[in-house]
Amino acid sequence: MAKRDIVKDGDPLLRKTSREVTAFDARLGHILDDMVETMVAADGVGLAAPQIGLLRRFAVCQMTSGEIVELINPKLLEGDGRAILNEGCLSVPGKYMQVPRFAHIKLAYQDREGKLVEREFFDFDARVCQHEMDHLDGILFYDKAVKA
Ligand code: CO
C-alpha cells in the first residue's frame, strides 16, 4: 500500500463530475487500500476518488464503529431527517462549517467485487457518506453550509 497526495481546494478536478466504475479488478482494490491508508494517515473519516485525482465514482468512509465502508457507484435511495453539524474536508484544510444533511439515508452501492449492496446509515455515518458522495459530483461541503 502507498499513501496518495490529496488534491486541495482550488484544483479544478474537485469540481468535476466523476464517471461510473466499470472495472472491478485488482487495480481498484489497490486504489481503495491506498485511499484507506491515506485517509487514516491524514486523520480523516472519508476520502473520495477525486481527492486523489481520479474522476471515478467511489469513496472510502470510516464509520463511528471504526468499520471502513467502501462505496462504489453509490446512489441515494432514501433520505430523511435533518441534522446540522460542523464539517470539514481533507481537501479544504482548516475550514469548518455548519452543514445540513439527512440524518438517515438508504444507499445502493457496489463493493470492491462489484456485488450490489443496499444499506442504511444514520447520524454521523450518514453524514460522512453524503459528504463523500457530493465529491463525486464536484460539490464541496461549504457549498451547502449554513450560518451557525
Ligand atoms: Co471532503
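The structure this text deals with has already been given above.
Residues numbered from 1 in each chain as written. Predicted model: local features only at pLDDT ≥ 70, side-chain atom pairs only at ≥ 80, totals over all residues. Heavy atoms only, no water.

This brings us to the packing of aromatic side chains. On inspection of all chains with the given rule, the structure shows 2 aromatic pairs. The interplanar angle of 75° and the centroid separation of 5.8 Å between the aromatic rings of Phe 141 and Tyr 142 together place this pair among those described as edge-to-face. (Phe/Tyr/Trp six-rings, centres within 6.5 Å; stacked < 30°, edge-to-face > 60°.)

Another aspect to go through is the sheet that holds strand 7 (residues 116-122). Here we have 5 strands laid out as an open sheet, ordered 1-2-3-6-7, and antiparallel in their pairing. The outermost strands of the open sheet, each flanked by one partner alone, are strand 1 (46-48) and strand 7. Strand after strand, the sheet turns through a mean of 40° between neighbouring axes, direction not considered. By the bridge criterion, 3 bridges tie strand 1 to strand 2 (residues 58-62) in an arrangement that is antiparallel. The residue bridging Leu 47 from the neighbouring strand is Val 60, located in strand 2. Contacts from helix 1 (residues 26-41) reach strand 1, strand 2 and strand 3 (68-80), with the element oriented near 40° to strand 2. Lying on the sheet, helix 2 (residues 123-135) is in contact with strand 1, strand 2, strand 3, strand 6 (104-110) and strand 7; it crosses strand 7 at an angle near 125°. (Pairing = 2+ DSSP bridges. Helix = DSSP H or I, 4+ residues; strand = E, 2+ residues; numbered from the N terminus. Axes fitted to C-alpha atoms, helices over the stretch in contact; angles between N-to-C directions. Contact = heavy atoms within 4.5 Å.)

Looking now at the coordination of the cobalt ion. By definition of the ideal shapes, four donors in a tetrahedron about a metal sit 109.5 degrees apart, and six donors in an octahedron sit 90 or 180 degrees apart. Every protein donor of the cobalt ion is listed here as Cys 89 (SG), His 131 (NE2) and His 135 (NE2), and their distances to the metal cover 2.0 to 2.2 Å. A residue is classified by how much of its surface remains accessible, and His 131, at 7% relative accessible area, is buried. The buried category is assigned to His 135, whose relative accessible area is 1%. (Donors = N, O, S within 2.8 Å, 3.2 Å for Na, K, Ca; no water. Buried < 20%, exposed > 50% of the residue type's maximum accessible area, 1.4 Å probe, protein only.)

If you look at the biggest cluster of nonpolar residues, it comprises 15 residues, and the most contacted ones within it are Leu 28, Leu 32, Met 35, Leu 47, Phe 58, Val 60 and Ile 72. Broken down by secondary-structure element, the contributors of at least two residues to this core are helix 1 and strand 2. By residue number, the principal contributor to this core is helix 1, which donates 6 residues. Not counting the four nearest positions on each side in its chain, Met 35 is found in contact with Leu 47, Ala 48, Ala 49, Ile 52, Phe 58, Ala 59 and Val 60. (Core = buried A, V, L, I, M, F, W, Y, C linked by side-chain atoms within 4.5 Å.)

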